[in-house]
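This is what each chain is made of:
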Amino acid sequence: MANVIFFDLDGTLVDHRSAVFETIGQIVQAAPNATAPPEELAALWWMLEARHMREYLAGQCSFAEHHRRRLRSFLPMLGEPVPTSSDLLDAWIAERYLTVFEESWQCYPDVHPCLEALKRLPRGPRLAVLTNGDPEQQRAKLARFGLLEYFEAVLTPTELGAAKPVAYAIACRRMRTDPAQAVNVGDMLESDVNAAARAGLTGIWLDRGIDFVTGKPSSTTVEAVLRIEQLTDLPDHLSHTNA
């Protein structure tokens, strides 16, 4: 049995993608001068989020600035003027985006049963969250759904000084474990599974049937990967893998 299990957060524990699309859909429907239907503008916001999140993770801007950069590109498509003040951009994000976004968070129904089952295991593994997200926002998600109590640590680029994939080795040192004794569970095949494996961990793919980035059905042709379809399969999977 592994002695540490790292869990990704967005797309693994909390349905981030659905919350984003729900939020932008509501914003667009309330915008009389929007230049495209809600689904098209939600897809645009999703693309901008990915682009500017990469800039934040690369240390090119702050978390607040990555929000501002999204908004500067998005507001013209919403048919609204772009404020020149950072304070006004921040206010828009806080009042019109984050309020709805946070209300739209949903915890996947298989999360609590999985964590409870792991807690009951004799000499069960220590658990941590390893996420590229903003520490304050990610802890707020975990607190909302009563998940913080299950995890020994919540590790983000702020604590570790690096994002995934570099963060895997640093996270293992932080948790005082050898990578060979650690497991990483996540919904993204490359960044959560393959990258973890290259760092020496065991990567387990949580295949929720949808690609987190594209929203299309996930690939069914992937071979030679440890794969589960729901988190409640994880405790038995770990037991069989280590039998």
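Residues numbered from 1 in each chain as written. Predicted model: local features only at pLDDT ≥ 70, side-chain atom pairs only at ≥ 80, totals over all residues. Heavy atoms only, no water.

## Structural notes on the overall build of the chain
Secondary structure assignment for the chain yields 10 helices and six strands. The C-alpha atoms of the chain give a radius of gyration of 19 Å, which matches the 18 Å a tight globule of 243 residues would have. Seen along its three principal axes, the alpha-carbon backbone of the chain occupies a region of about 60 × 35 × 30 Å. The 243 residues of the chain split such that 50% are buried. Accessible surface for the chain amounts to roughly 11500 Å². Of this, 52% is attributable to carbon and sulfur atoms. Looking at charge distribution, the chain has the averaged site of its 23 positive side-chain charges lying 5 Å from that of its 32 negative ones. (Helix = DSSP H or I, 4+ residues; strand = E, 2+ residues; numbered from the N terminus. Rg over C-alpha atoms; globule rule 2.2 N^0.38 Å. Buried < 20%, exposed > 50% of the residue type's maximum accessible area, 1.4 Å probe, protein only. Areas by Shrake-Rupley, 256 points an atom, 1.4 Å probe, with all protein chains shown as cover. Lys, Arg positive; Asp, Glu negative; His and termini not counted. Charge placed at Lys NZ, Arg CZ, Asp CG, Glu CD.)

## Regarding the packing of helix 2 (residues 38-57) against helix 3 (residues 63-78)
With their axes 9 Å apart at the nearest point, helix 2 and helix 3 run at an angle of 150° to one another. Considered as vectors, helix 2 and helix 3 are oriented roughly antiparallel to each other. Every pair of crossing elements has a handedness; the one defined by helix 2 and helix 3 is right-handed. Between helix 2 and helix 3, the residues in contact are Leu41, Leu44, Trp45, Leu48, Glu49, His52, Met53, Glu55 and Tyr56 and Phe63, His66, Arg69, Arg70, Leu71, Ser73, Phe74, Met77 and Leu78, respectively. (Axes fitted to C-alpha atoms, helices over the stretch in contact; angles between N-to-C directions. Parallel < 35°, antiparallel > 145°, perpendicular 65-115°, else oblique. Left-handed = near helix turned anticlockwise from the far one by under 90°. Contact = heavy atoms within 4.5 Å.)

## Let's talk about the environment of Glu40
You can see Glu40 is positioned in helix 2. For the pair Glu40 and Gly25, spaced 15 residues apart in sequence, the C-alpha separation works out to 9.4 Å.

## A look at the packing of aromatic side chains
Taken as a whole and judged by the stated rule, the model has seven aromatic pairs. Judged by centre distance (5.8 Å) and plane angle (50°), the ring pair of Phe21 and Trp46 falls under tilted. Remark: Trp46 occurs in helix 2 and Phe21 occurs in helix 1 (residues 16-29); sequence separation between them is 25 residues. For Phe21, a relative accessible area of 26% translates into the label partly exposed. One aromatic cluster is present, built from ring pairs that chain together Trp45, Phe74, Tyr97, Phe101 and Trp105. Over the aromatic face of Trp46 sits the side chain of Arg17, whose NZ or CZ is 4.9 Å from the ring centroid. (Phe/Tyr/Trp six-rings, centres within 6.5 Å; stacked < 30°, edge-to-face > 60°. Lys NZ or Arg CZ within 6 Å of the ring centre and 35° of its normal.)

## What about the pairing of strand 2 (residues 126-130)?
Across the five residues that make up strand 2, a large majority, four, are buried. Across four bridges, strand 1 (residues 4-7) lies against strand 2 in parallel orientation. Each bridged residue has a counterpart across the sheet, and for Ile5 the counterpart in strand 2 is Leu127. Here strand 2 pairs with strand 3 (residues 153-155) via three bridges, running parallel. Residue pairing for strand 3: Leu130 is matched across the bridge by Leu155. Once you follow strand 2 into helix 6 (residues 135-144) and on to strand 3, the crossover reads as right-handed. (Pairing = 2+ DSSP bridges. Right-handed = clockwise from strand over helix to strand, strands pointing away.)

## A closer look at the sheet that holds strand 5 (residues 202-206)
Taken together, the six strands give an open sheet; going across it, the order is 3-2-1-4-5-6, and neighbouring strands pair in parallel fashion. The sheet is open, and its two borders are formed by strand 3 and strand 6 (226-228), each paired with just one other strand. The mean inter-strand angle of the sheet, taken between neighbouring strand axes irrespective of direction, is 25°. Set on the sheet, helix 5 (residues 111-120) makes contact with strand 1 and strand 2; between it and strand 1 the angle comes to about 170°. The sheet strands contacting helix 8 (residues 167-174) are strand 1, strand 2, strand 3 and strand 4 (182-186), and the helix crosses strand 2 at an angle near 145°.

## Remarks on unusual backbone geometry
Cis geometry is found at the peptide bond from Lys164 to Pro165, where omega equals 10°. Here Pro165 shows up in the loop between helix 7 (157-160) and helix 8. Phi is positive for Arg123, close to 50°, though the residue is something other than glycine. Mapped onto the elements, Arg123 comes out in the loop between helix 5 and strand 2.

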